Amino acid sequence: AMLTPTKVLTLMSNVNEALDDYVASHTTAAHPYLYQLYRATHTQLIRPRMASGPLQGRLLTMLCQMHQPQTVVEIGTYSGYSALSMAAGMPQGSMLHTFEINDEQEDFTRPWLENSPWSSDVDIQWTRGGNRTHGRPNRGHSRFQRQDGH
């Protein structure tokens, strides 16, 4: 029997579904804070599919746990999900630099970065729209301010 484009798409869909089910059943759940961020990303932002999801996030956490980097650079913060996934696997005292060109993301993203369970262990340097902001651990809290003092 000849495979038609419709049959090929059906077969591919079944394989993808089976693979998704397998991966989901063999992956530990994301941290509850990341779950809340993922949910907020999908209910409050215009393009939620731009954000990394739980599977990508767990992979990023695992890679950082394996390699124990002292410094990580990320281009494209968006909601902060991938940055915080990496921070979850980074060692205490490390630094994460994440860059976001869209200034409009700050109102959503800044509180998620500042209030994360990892902000006291990982120094998260966030650059948005060309202005560098940073946070330094301070008794369990990170303070974020623009580098130019505004």
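Everything below is about the structure printed above this text.
Criteria and thresholds
- Residues numbered from 1 in each chain as written.
- Predicted model: local features only at pLDDT ≥ 70, side-chain atom pairs only at ≥ 80, totals over all residues.
- Heavy atoms only, no water.
- Buried < 20%, exposed > 50% of the residue type's maximum accessible area, 1.4 Å probe, protein only.
- Helix = DSSP H or I, 4+ residues; strand = E, 2+ residues; numbered from the N terminus.
- Pairing = 2+ DSSP bridges.
- Right-handed = clockwise from strand over helix to strand, strands pointing away.
- Core = buried A, V, L, I, M, F, W, Y, C linked by side-chain atoms within 4.5 Å.
- Contact = heavy atoms within 4.5 Å.

Our focus in this paragraph is the pairing of strand β3 (residues 123-128). Most of β3 is tucked away: 6 of the 6 residues are buried. On β3, burial covers both faces: D123, Q125 and T127 on one face and I124, W126 and R128 on the other are all buried. Relative to β3, strand β2 (residues 95-100) runs parallel, the two sharing 6 bridges. Opposite T98, over in β3, you have W126 as the bridge partner. The parallel pair β2 and β3 is bridged by helix α5 (residues 106-114), and the resulting crossover is right-handed.

The subject of this paragraph is the nonpolar core. Core analysis: the largest hydrophobic core is formed by 23 residues, its most contacted members being L84 and L96. Top contributing element to this core by residue count: helix α4 (residues 81-89), with 5 residues. Those residues in contact with L84 that lie beyond four places of it in its chain are Y33, L34, L37, W112, L113, S116, W118 and I124.

Looking now at the environment of L84. Along the chain, L84 turns up in helix α4. Of the residues examined, L84 reaches a relative accessible area of 0% and is grouped as buried. Taking C-alpha positions, L84 is 7.5 Å from S116, a pair spaced 32 residues apart along the chain.

Here the focus is the pairing of β2. Across 5 bridges, strand β1 (residues 71-75) lies against β2 in parallel orientation. For I75, the partnering residue across the bridge sits in β2 and is F99. Between the parallel pair β1 and β2, the chain is carried across by α4, and the sense of this crossover is right-handed.

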